[in-house]
Amino acid sequence: MRLKNILLSGCVLALAGAASAAEPYTLDAAHATVGFSVRHLSVSNVKGTFPKVSGTLILDEKKVSNSSVDVTIDAASVDTNNEQRDGHLRGDDFFQVAKYPTIVFKSKKVVRSGPGYLVSGDLTMKGITKAIEIPFTMSAPVAHPMMPVTVVGVEGTVSINRRDFNILYGNSMMIGDEVKIDLQVEFTKPNSKK
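Basis of the calculations
Every residue gets a number counted from 1 within its own chain, in the order that chain's sequence is written. Only residues with pLDDT of 70 or above have their local features reported here, since the model is predicted, and side-chain atom pairs are shown and tallied only from 80 upward, although totals for entire chains, interfaces and linings are computed over all residues. To obtain the side-chain values, all non-hydrogen atoms of the structure were included, while hydrogens and water were left out. A run of H or I in DSSP counts as a helix once it spans at least four residues, and a run of E counts as a strand once it spans at least two, with each numbered from the N terminus. Only protein chains enter the accessibility calculation, which uses a 1.4 Å probe; a residue whose area is less than 20% of its type maximum is buried, one above 50% is exposed, and one in between is partly exposed. Contacts between residues were defined by any pair of non-hydrogen atoms, one from each residue, lying within 4.5 Å. Areas reported as accessible are Shrake-Rupley estimates using a 1.4 Å probe. Residue values count occlusion only from the protein chains shown. Note on definitions: salt bridges are taken to be side-chain nitrogens of Lys or Arg within 4 Å of carboxyl oxygens of Asp or Glu. In these notes, a set of buried Ala, Val, Leu, Ile, Met, Phe, Trp, Tyr and Cys residues joined through side-chain atoms within 4.5 Å is what counts as a nonpolar core. By convention, a stacked pair of Phe, Tyr or Trp rings (six-membered ring in the case of Trp) has centres within 6.5 Å and planes under 30 degrees apart, an edge-to-face pair has planes over 60 apart, and any other such pair is tilted.

*Asks:* So what about the overall build of the protein chain? Which residues, and what values?
*Replies:* When helices and strands are counted, the protein chain shows two helices and 10 strands. Counting from the amino terminus, helix and strand elements in the protein chain follow one another as α-β-β-β-β-α-β-β-β-β-β-β. Out of the 194 residues belonging to the protein chain, those deemed buried represent 36%. Restricting the contact set of the protein chain to residue pairs at least 6 apart, pairs at least 24 apart contribute 55%. In the structure as shown, the protein chain presents an accessible area of about 11,800 Å², 57% of it carried by carbon and sulfur atoms.

Structure below.
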């Protein structure tokens, strides 16, 4: 019985240690770009961003598989530098922001991949959830020189098919089906008090 209690205590301490190793970071929207580009008339790319984005990164530097990320995008914040087009994108032909105000990514798995990492998870847009994988690189955490926070930078690129998410407006020549998403995001956490 005593051996069982010792083993149980050891497991609890090990789990507590693993939990404490994973550090929560908050997405810094002022230093984040969630951009996209899509082919137009097969001759050029139209680019845009979603400036309103929030999220959390749980980072375990020692065991990356304990890490996770959860990001929410305000779909109505779409900005292609053209008010008329942005209004169209918010409407029923595209994002239907009145009915589906957010685009959400929730990770399921993070692994090392070559010189970087690979995060697998679910992307939900217009009420449709699809599994995607995003290869990304991440900077080592650094202390901010002017603020009491630690910062990590994440950069990644992934392509999705808009039709998988019921964005069907126009034919593939008019608007390409493949949408390239570029992520350049900083996450911060308060520095530990000594």
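*Asks:* So what about the pattern of salt bridges? Which residues, and what values?
*Replies:* Inspection of every chain in the model, using the stated rule, returns four salt bridges. Residues Asp177 and Arg162 are paired through a salt bridge, measuring 3.7 Å at the closest nitrogen-oxygen approach. Pair noted here: Asp177 is in strand 10 (residues 175–190) and Arg162 is in the loop between strand 9 (149–161) and strand 10, with a separation of 15 residues, a long-range link. A relative accessible area of 4% means that Arg162 is categorised as buried. When the shortest N-O distance is used, the salt bridge between Asp177 and Arg163 registers 2.7 Å. Here Asp177, found in strand 10, pairs with Arg163, found in the loop between strand 9 and strand 10; they are 14 residues apart in sequence, far enough to count as distant. Residues joined in a network through salt bridges with shared partners are Arg162, Arg163 and Asp177.

*Asks:* Can you tell me about the nonpolar core, naming the residues and giving the values?
*Replies:* Counting residues in each nonpolar core, the largest one holds 42 residues, and the members touching the most others are Phe50, Phe95, Ile103, Ile160 and Phe187. Within the residue set of this core, elements represented by two or more residues are strand 1 (23–40), strand 3 (53–59), strand 4 (68–74), strand 5 (102–113), strand 6 (116–125), strand 7 (128–138), strand 9 and strand 10. If we skip the residues at most four places from it in the chain, Ile103 touches Phe50, Val71, Thr72, Ile73, Ala75, Phe95, Leu123, Thr124 and Met125.

*Asks:* Report on the environment of Val119, specifying residues and quantitative values.
*Replies:* Among the structural elements, Val119 can be located in strand 6. Looking at Val119, the relative accessible area reads 5%, which means it is buried. The residues contacting Val119, other than those within four sequence positions of it, are Val69, Phe105, Ser107, Lys109, Val110, Ile132, Glu133, Ile134 and Phe136.

*Asks:* A description of the packing of aromatic side chains should follow, citing residues and the corresponding values.
*Replies:* Taken as a whole and judged by the stated rule, the model has four aromatic pairs. Both rings, one in Phe94 and one in Tyr169, keep their centres 5.2 Å apart while their planes meet at 55°; by these two values the pair is tilted. Of the two residues, Phe94 is situated in the loop between helix 2 (83–90) and strand 5 and Tyr169 in the loop between strand 9 and strand 10; the sequence distance between them amounts to 75 residues. When the ring of Tyr117 is compared with that of Phe136, the centres are 5.3 Å apart and the planes differ by 20°; the resulting orientation is stacked. With a gap of 19 residues between them, Tyr117 in strand 6 and Phe136 in strand 7 connect regions that are remote in the sequence. Owing to a relative accessible area of 13%, Phe136 belongs among the buried residues under this scheme.

Purely spatial values, then, with no claim about function.
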